[in-house]
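Given next are the chains, with one letter for each unit.
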Amino acid sequence: MESSVQSDLQAADTPYRSPNMQSADRLSALKQEMEYLNRIGKQFVAAFDRFQVHRALLAALQDLYSFSACCILLTGDPIDLFIIPCYPLNGSFLEAMIQRIASAANALNFPAITPEQLARSAYFDAPDELAQRRKQGEISSTTIGSGLNIPLTVENRIIGMLSLFDEKPGTFDADLLQLTTMIADYAAVALDNVRLRERENALWREAELERMRLELIIGSMAEGLLITDAKGAITSLNTSAEQLLAQAQTEFTPGVPLRQLAETSSVPWLPRLADIIHQALSGHTVKNQELVAGQEDDRVPLTLNISAAPLHDASEFATRPVGVVAVVNDVTSSKQVEKLKDDFVSVVSHELRTPLTAIKGYTQHLVRRVERRLRKLRSSTEGAVIDSPESQDLRSLSIIQSQTEHLERLVNDLLDLSQVQWGQIHLHYETFDLPAVLGELVRSVQASAEQHSLILETTDREASVVADRARIEQVIGNILDNAVKYSPHGGQVIVRLYKQPSQYHISIKDQGIGVNPEHFEHIFERFYRIHNTSSQHYAGIGLGLYVAKAIIDRHGGQIWLENNQGTGSTFHVTLPMVPPSDEQSEAAPTGNTTL
Ligand code: ADP
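Residues numbered from 1 in each chain as written. Predicted model: local features only at pLDDT ≥ 70, side-chain atom pairs only at ≥ 80, totals over all residues. Heavy atoms only, no water.

Asker: Describe the overall build of the protein chain, naming the residues involved and giving the relevant values.
Answerer: Helix and strand content of the protein chain: 15 helices and 17 strands. In the protein chain, buried positions account for 42% of the 595 residues. When the accessible surface of the protein chain is summed, it comes to about 33,300 Å², and 53% of that surface belongs to carbon and sulfur atoms. (Helix = DSSP H or I, 4+ residues; strand = E, 2+ residues; numbered from the N terminus. Buried < 20%, exposed > 50% of the residue type's maximum accessible area, 1.4 Å probe, protein only. Areas by Shrake-Rupley, 256 points an atom, 1.4 Å probe, with all protein chains shown as cover.)

Asker: Tell me what's going on with a nonpolar patch on the surface, and back it up with residues and numbers.
Answerer: Residues F344, V348 and L352 make up a contiguous nonpolar surface patch of roughly 280 Å² in combined accessible area. Tracing the chain through its elements places L352 in helix α10 (residues 332-380). With relative accessibility at 42%, the residue L352 sits in the partly exposed group. (Patch = residues over 30% accessible without salt bridge, like charges linked within 9 Å, V, L, I, M, F, W, Y side chains within 5 Å. Salt bridge = Lys/Arg side-chain N within 4 Å of Asp/Glu carboxyl O.)

Asker: Pulling in residues and values, what's your account of a positive patch on the surface?
Answerer: Where like charges cluster on the molecular surface, the positive patch consists of R368, R369, R372, R373, R375 and K376. For R373, a relative accessible area of 41% gives the class partly exposed. (Lys, Arg positive; Asp, Glu negative; His and termini not counted. Charge placed at Lys NZ, Arg CZ, Asp CG, Glu CD.)

Asker: Can you explain the packing of α10 against helix α11 (residues 389-421)? Please cite residues and give values.
Answerer: Where α10 contacts α11, the two axes come as close as 7 Å, and the packing angle between them is 155°. When the interaxial angle is binned, α10 and α11 end up roughly antiparallel. Read as a crossing pair, α10 and α11 show a hand that is left-handed. Per-class residue counts for the contact of α10 with α11 are 17 nonpolar, 11 polar and nine charged. (Axes fitted to C-alpha atoms, helices over the stretch in contact; angles between N-to-C directions. Parallel < 35°, antiparallel > 145°, perpendicular 65-115°, else oblique. Left-handed = near helix turned anticlockwise from the far one by under 90°. Nonpolar A, V, L, I, M, F, W, Y, C, P; charged D, E, K, R; others polar.)

Asker: Residue-level account of the sheet that holds strand β9 (residues 303-311), with values.
Answerer: Across a sheet, strands are paired by hydrogen bonds formed along the backbone, either parallel or antiparallel in direction. Ordered in space as β7-β6-β10-β9-β8, the five strands form an open sheet in which the pairing is antiparallel. Across the chains shown, the open sheet's two edge strands, defined by having one partner strand only, are β7 (234-237) and β8 (286-292). Within the sheet, the average angular offset between the axes of one strand and its neighbour, ignoring direction, is 25°. Note that strand β6 (residues 224-229) and strand β10 (residues 323-330) share six bridges and pair antiparallel. By the bridge assignment for β10, I227 is matched with V325. (Pairing = 2+ DSSP bridges.)

Asker: If you had to explain the packing of aromatic side chains to someone new, which residues and values would you point to?
Answerer: Under the definition given, this model contains seven aromatic pairs. Arranged with centres 6.1 Å apart and planes meeting at 35°, the rings of F44 and Y186 form a pair that is tilted. Pair noted here: F44 is in helix α2 (residues 26-46) and Y186 is in helix α6 (residues 177-220), with a separation of 142 residues, a long-range link. A centroid spacing of 5.3 Å and a plane angle of 25° characterise the contact between F82 and Y123, whose relative ring orientation is stacked. One end of the pair, F82, is in strand β2 (residues 80-85); the other, Y123, is in strand β3 (residues 122-124), and 41 residues separate them in sequence. Three or more aromatic residues link up through ring pairs in this structure, and these residues are F51, F82 and Y123. (Phe/Tyr/Trp six-rings, centres within 6.5 Å; stacked < 30°, edge-to-face > 60°.)

Asker: Account for helix α3 (residues 50-64), naming residues and giving values.
Answerer: Here α3 spans 21 Å end to end across 15 residues, near enough to the 21 Å set by a 1.5 Å rise per residue. Of all 15 residues in α3, 14 are buried; the element is thus mostly enclosed. (Expected span 1.5 Å × (residues − 1).)

Asker: Summarise the pairing of β7; cite the residues concerned and give the values.
Answerer: The sheet contact formed by β6 and β7 spans three bridges and is antiparallel. Across the sheet, I227 pairs through a bridge with S236, a residue of β7. Between β6 and β7, which pair antiparallel and follow one another directly, the connecting turn spans four residues, one of which, G232, has a positive phi of 90°.

Asker: Provide a residue-level description of the confidence of the model for the protein chain, including the pertinent values.
Answerer: Averaged over every residue, the pLDDT of the protein chain is 85; residues scoring 70 or more account for 88%. Note on residues 1-14: pLDDT under 50 across the span, and 17 contacts to partners over four residues away in sequence or across chains. (pLDDT = per-residue confidence, 0-100. Contact = heavy atoms within 4.5 Å.)

Asker: With reference to specific residues and values, describe the sheet that holds β3.
Answerer: Read across the open sheet, the five strands follow the order β3-β2-β1-β5-β4; overall the sheet is mixed. In the strand order of this sheet, the two ends are held by β3 and β4 (146-154), each with one partner. Between one strand axis and the next, the sheet turns through 20° on average, direction left out of account. Across three bridges, β2 lies against β3 in parallel orientation. Each bridged residue has a counterpart across the sheet, and for F82 the counterpart in β3 is Y123. Sitting on the sheet, α3 is in contact with β1 (69-74), β2 and β5 (157-166), with an inclination near 135° to β1. The sheet contacts of α6 involve β1, β4 and β5, and relative to β4 the element is tilted by about 50°.

Asker: Hey, could you go over the pattern of salt bridges for me, with residue numbers and the actual values?
Answerer: Under the definition given, this model contains 21 salt bridges. The partner of D125 in a salt bridge is R55, and the shortest N-O contact between them spans 3.8 Å. Of this pair, D125 sits in the loop between β3 and β4 while R55 sits in helix α3, and the two are 70 residues apart along the sequence. Summarising the burial analysis for this pair, D125 and R55 share the class buried. In this structure, R211 engages E208 in a salt bridge whose closest nitrogen and oxygen atoms are separated by 2.9 Å. One end of the pair, R211, and the other, E208, are both in helix α6, three residues apart, so they sit about a helical turn from each other. Residues joined in a network through salt bridges with shared partners are E290, K335, E338, D342 and R526.

Asker: Break down the site of the ligand for me, citing the residues and quoting the values.
Answerer: If you check the shell around the ligand, you find 20 residues, and the closest are N482, Y486, D510, R529 and L545. The separation between an oxygen atom of the ligand and a polar side-chain atom of R529 is 2.6 Å. Here an oxygen atom of the ligand and a backbone polar atom of G544 are 3.2 Å apart. Of all the elements in the fold, those that place two or more residues in the shell around the ligand are α13 (469-485), α14 (544-554) and β17 (569-576). Looking at the shell around the ligand, the element that brings in the most residues is α13, giving three residues. (Near = heavy atom within 4 Å. Polar contact = N/O pair within 3.5 Å; in protein donor to acceptor, adjacent residues only side chain to side chain.)

Asker: Lay out the environment of D63 in plain terms, naming residues and giving numbers.
Answerer: For D63, the position within the fold is in helix α3. Taking the C-alpha atoms as reference points, D63 and Y36, 27 residues apart in sequence, are found 9.6 Å from one another.

Asker: Describe the environment of K485, and please don't skip the residues or the numbers.
Answerer: Residue position: K485 is located in helix α13. Of the residues examined, K485 reaches a relative accessible area of 30% and is grouped as partly exposed. When the C-alpha atoms of K485 and A539 are compared, they prove to be 8.7 Å apart, with 54 residues separating the residues in sequence.

Asker: How would you sum up α6? Please name residues and give values.
Answerer: Spanning 44 residues, α6 covers 63 Å between terminal C-alpha atoms, matching the ideal 64 Å at 1.5 Å per step. Here α6 has its buried residues at L179, T180, I183, A184, A187, A188, A190, L191, D192, V194 and R195. Looking at the packing, one finds that the buried side of α6 touches α2, α3, β1, β4 and β5.

See the structure below:
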């Protein structure tokens, strides 16, 4: 661009001559003036940076006058002063110029600036090719002979000041002032445009740097990141996401929505990923969804944890997301550790069961023997109660017996934990009468809960259900045990059975310590126990309700908790009269299902 301005200058017509310097008529002078302004106007328009504007300005001014230097002061923060000498200048001359510019700027109501500050913000722009050489023997002057200051304005806004200086007096002809102001106006617009362009470029560079920085961060993230468009088609993936999806043997066709891909793909987990993306597209943030992306027969298949959030554009009127950003994590190794832990717990609990069964059997045997001896003793003493060693033994043995039962329940819970965790809980369906089972459970829990009064309320004497009887007994037994355990001062435990069109609804209400609503959604998580001071006194490991929920879920029912507002809690269980169809088909081949 610089050379184009240059060549234009060299190819320029003859320099402009002031109308009063020639005797030609006014019309041809006006034509000449128009041609001149047109030519220099083009040079300003072609100028791409501020230095090309300086050159165009200098060339245009040198057509009018022969002078020593041209200076451009630009307002702003910081203020800039460009000094364009036409030939080498004396230091004192420069100093004098700066002094004059500072006082002219102050007179024009520029922000106050001292000559020293101005000197610090001064730049030399000396285009060699334009610099006139000093004539031989000519001595550079130290004083200013004449000067001219013209404000640089764009749409009535002052953006700076143009100053011209010469060593000789009377250089700046009053007749040329109007033309000089026009040139200054051209220069002002060109400089303002350059400044805008510079600002734009700086912003663009900043944005580009920020984009590159972000790209680098995303590229080096250990987490996989994928972005979709508004239709749910993947538009970009980082390296980690590419690797993860390659491990899961999946390739995505760009531009095709995941839902559409899922319909034709044989990849079993693709519909689930498409669902997660679709949920986010409908405006919901989806957190920590697990997706098993490996082969089913792998011991621990490749497992991905996915969180997805809708992407909105900056416009406040946009209601629909413009895409989705999803973070994908490989959690297979933590699943492996979990599996190892669960396997260990399962093996140990299994191994514990054999000695436990023996302890339980022999304790029972001893209890019976001691009871027999005690009976004999009582008959020989004709019913008088004596604190004999036998009765002390019996007390010790019943403690061993109840602790063994407690241990057995713990071991069973631990065994169930790994089965639930890895989806290996097997149900054995049979048809049975629900009120009868509830009645038995109520009686058996009542036997060891002297302080409590357990009541069964049901309008239906017969209510048959198809379910795994032992597992349903386990669930209701656990809720009843809890109702008694967490009601330390006794009270009523009311079990109600309601028959609904296709399911049964069982509620178990106690008058115990109750549960704060903040725990409602966690109480069915594994190992979740409420750590308030009161529950510290109750034995337990927080597995009963977790297993209970898994069992009820498998039956196609629901389990939840309701607050009794300071007077205990009520657990609710619903149980379909017949199991869901996929459960029936799964259970049928084992021969255990009685439908
Ligand atoms: P555990 O009783 O062995 O700790 P559960 O899974 O059966 O485990 O129960 C989880 C937690 O829920 C308990 O630790 C207790 O804090 C709370 N909880 C359960 N049932 C009741 C209840 N009826 N009243 C008050 N809190 C209860």
